[in-house]
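Analysis of the macromolecular model
So the chains spell out like this:
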Amino acid sequence: MSDPLVVSIGWDVRGWRSKEQATAVLGIFPETPKLRWLGISPLFPFKPGTPLGFDSLVGPAVGEEGADLIRNCPVITIAIDAPLAFPADFIRLIEGEAITQIPTKREIDNPLAYRACEHWVHDAHGKKPLSSSFDKLGNNATLAMSICNSLREEGFSVVPQDGDLNRHTTIEVYPGITKVGPKKINRAIPPVDAHIPPNLEPGTDQYDAAICAIMGAVYGGGGSVLSLPDLGMPLVEMNPTEGWIFSFPPDYLKQYLSEKLPGNTHAEIF
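Residues numbered from 1 in each chain as written. Predicted model: local features only at pLDDT ≥ 70, side-chain atom pairs only at ≥ 80, totals over all residues. Heavy atoms only, no water.

**Concerning the overall build of the chain**
What counts here: Think of it this way: any DSSP run of H or I at least four residues long counts as a helix, any run of E at least two long counts as a strand, and we number them from the N terminus. For the radius of gyration, the atoms used are the C-alpha atoms, and the globule rule reads 2.2 Å times the number of residues raised to 0.38. Relative accessibility decides the category of a residue: with a 1.4 Å probe and only protein chains considered, values under 20% of the type maximum give buried, values over 50% give exposed, and everything between is partly exposed. Contacts: residue pairs with any heavy atoms within 4.5 Å of one another.
Scanning the chain from terminus to terminus reveals seven helices and seven strands. Overall, the chain shows an N-to-C arrangement of helices and strands of β-β-β-α-β-α-α-α-β-β-α-α-β-α. Relative to the 2.2 N^0.38 estimate, which gives 18 Å for 270 residues, the radius of gyration of the chain is 18 Å and therefore close to what a compact globule would have. Dimensions of the chain, computed from C-alpha atoms along their principal axes, come out at roughly 60 × 45 × 35 Å. Expressed as a percentage of the 270 residues in the chain, the buried residues total 54%. Once local pairs closer than 6 in sequence are excluded, the contacts in the chain between residues at least 24 apart make up 62%.

Structure below.
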């Protein structure tokens, strides 16, 4: 068996002391079958006193040996379901700048609570993300941002904050956008759900981690293998330091929103 051309790690993020982290690892190979699930983690906590980084994310899904084997893959994407930046105005406020805000009509328009990319998700996809600065999501966000700092030291760039500097990248995703309904228990749209291992139940953290991994594989160049469109790229007018939520195009997703999902029958774990 050859080495994978693309590896994607999906992480469904929980808080610092949670025992319910979940990661899923997907490989795109040059020979058939091109798509192979390399591992799905059980729910796990990060070990106290152990540095965060690539091994702590990937090890629970593929083991220490597996993490060593895929570390040198030419293309690796880590797709994370958590904010990887705080709103720029919020950062300026806590740094002591004389920021004043006028109350907004809609909560989503408050620049202390939401980033421009979250405004875009709300308007383009009809989904309202939680606020990393105002809601309890800050627990997940600070964990994800901390791991991103460790990953930078291991050669990963966070896109778009750092620019697409190399072939080892970290991106922010939102698996809820990819589901046919508003609830966590809803399945992903059929073209995504078809690739998810059949033993993963919708509504579980592992299922959401698998959605993240599929989106990461598309970002890494595996979209044609998965028969999925490219993810939407950051808008040029947005501040890259606030990050971007990568997702499939709104029009592509909308065609599936009212469809009933068939049973999942043909994905396998190898």
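So that's the structure; there's more coming.
**Quick look at a nonpolar patch on the surface**
Counted only if it meets this: Patch construction takes residues with relative accessible area above 30% that form no salt bridge. Like charges are linked within 9 Å, and nonpolar side chains (Val, Leu, Ile, Met, Phe, Trp, Tyr) are linked within 5 Å. A 1.4 Å probe and the Shrake-Rupley method give the accessible areas. Residues count as covered only by the protein chains that appear here. Salt bridges are defined as contacts in which a side-chain nitrogen from Lys or Arg sits within 4 Å of a carboxyl oxygen from Asp or Glu.
Taken together, the side chains of I91, L93 and I94 make up a nonpolar region of the molecular surface, amounting to roughly 250 Å² of accessible area. Within the secondary structure, L93 is located in helix α2 (residues 88–94).

**Describing the environment of Y207**
What counts here: For the purposes of these results, a polar contact is taken to be a pair of N or O atoms within 3.5 Å, where, inside protein, one atom must be able to donate a hydrogen and its partner to accept one; residues adjacent in sequence count only when each atom of the pair is a side-chain atom.
Here Y207 shows up in helix α6 (residues 205–226). Non-local contacts of Y207, meaning those with residues more than four positions away in its chain, are made with N186, R187, A188, D193, I196, L200, E201 and P202. For Y207, the side chain forms a polar contact with the main-chain nitrogen of A188, separated by 2.9 Å.

**Some thoughts on the nonpolar core**
Side chains that are nonpolar tend, in soluble globular proteins, to be buried together. Put simply, the test is: The criterion is simple. A nonpolar core is a set of buried Ala, Val, Leu, Ile, Met, Phe, Trp, Tyr and Cys residues joined through side-chain atoms within 4.5 Å.
Counting residues in hydrophobic clusters, the biggest one holds 44 residues, and the most contacted among them are W37, I196 and F248. At the level of secondary structure, the elements contributing two or more residues to this core comprise β2 (22–28), β3 (35–40), β4 (75–81), α3 (116–125), β6 (168–173), α6, β7 (245–246) and α7 (250–254). Formed by 27 residues, the second largest nonpolar core is a distinct cluster that contains F44, I76, A82 and V158.

**Here's the deal with the pairing of β6**
Let me state the cut-off plainly: At least two DSSP bridges between two strands are needed for those strands to be called paired.
Burial analysis of β6 places six of its six residues in the buried class, the great majority of the element. Of the two faces of β6, the one carrying H168, T170 and E172 and the one carrying T169, I171 and V173 are both buried. Sheet topology places β4 next to β6; five bridges connect them, and they run parallel. Across the sheet, residue I76 finds its bridge partner in β6, namely H168. In the sheet, strand β5 (residues 157–158) pairs with β6 via two bridges, with the strands oriented parallel. Bridging from a neighbouring strand, V158 pairs with T170 of β6.

**Let's talk about the packing of aromatic side chains**
Between two aromatic rings, the relevant description is the distance of the centres plus the angle of the planes. Condition: Ring pairs are drawn from Phe, Tyr and Trp, using the six-membered ring of Trp, whenever the two centres fall within 6.5 Å, and their geometry is named by plane angle: stacked under 30 degrees, edge-to-face over 60, tilted for the rest. The criterion for a charge sitting over a ring is simple: Lys NZ or Arg CZ within 6 Å of the ring centre, and within 35 degrees of the ring normal.
Overall, the coordinates contain eight aromatic pairs when judged by the stated rule. Measuring from centroid to centroid gives 6.1 Å for F248 and Y252, while their planes differ by 55°, and the two rings are tilted. Taking relative accessible area as the criterion, F248 reaches 0% and is therefore assigned buried. Aromatic side chains Y252 and Y256 sit 5.6 Å apart centroid to centroid with 70° between the ring planes, which places their arrangement in the edge-to-face category. Classification of Y252 as buried rests on a relative accessible area of 16%. Judged by its relative accessible area of 15%, Y256 falls in the buried class. Through successive ring pairs, a cluster of aromatic residues spans W11, F44 and F46. Directly above the ring of F29 sits R36, whose terminal nitrogen or CZ lies 3.9 Å from the centroid.

**Structural notes on the confidence of the model for the chain**
We count it as follows: pLDDT is defined as a per-residue confidence score from the predictor, taking values between 0 and 100.
Averaged over every residue, the pLDDT of the chain is 92; the share at 70 or more is 95%. Note on residues 259–270: pLDDT is under 50 here. Beyond four places in sequence and across chains, it has 31 contacts.

**Structural notes on the state of the cysteines**
What counts here: The criterion for a disulfide is a pair of cysteine sulfur atoms lying within 2.5 Å.
For the structure shown, the criterion picks out zero disulfides. Cysteine C212 shares no disulfide, and the gap to the nearest cysteine sulfur, in C148, comes to 13 Å.

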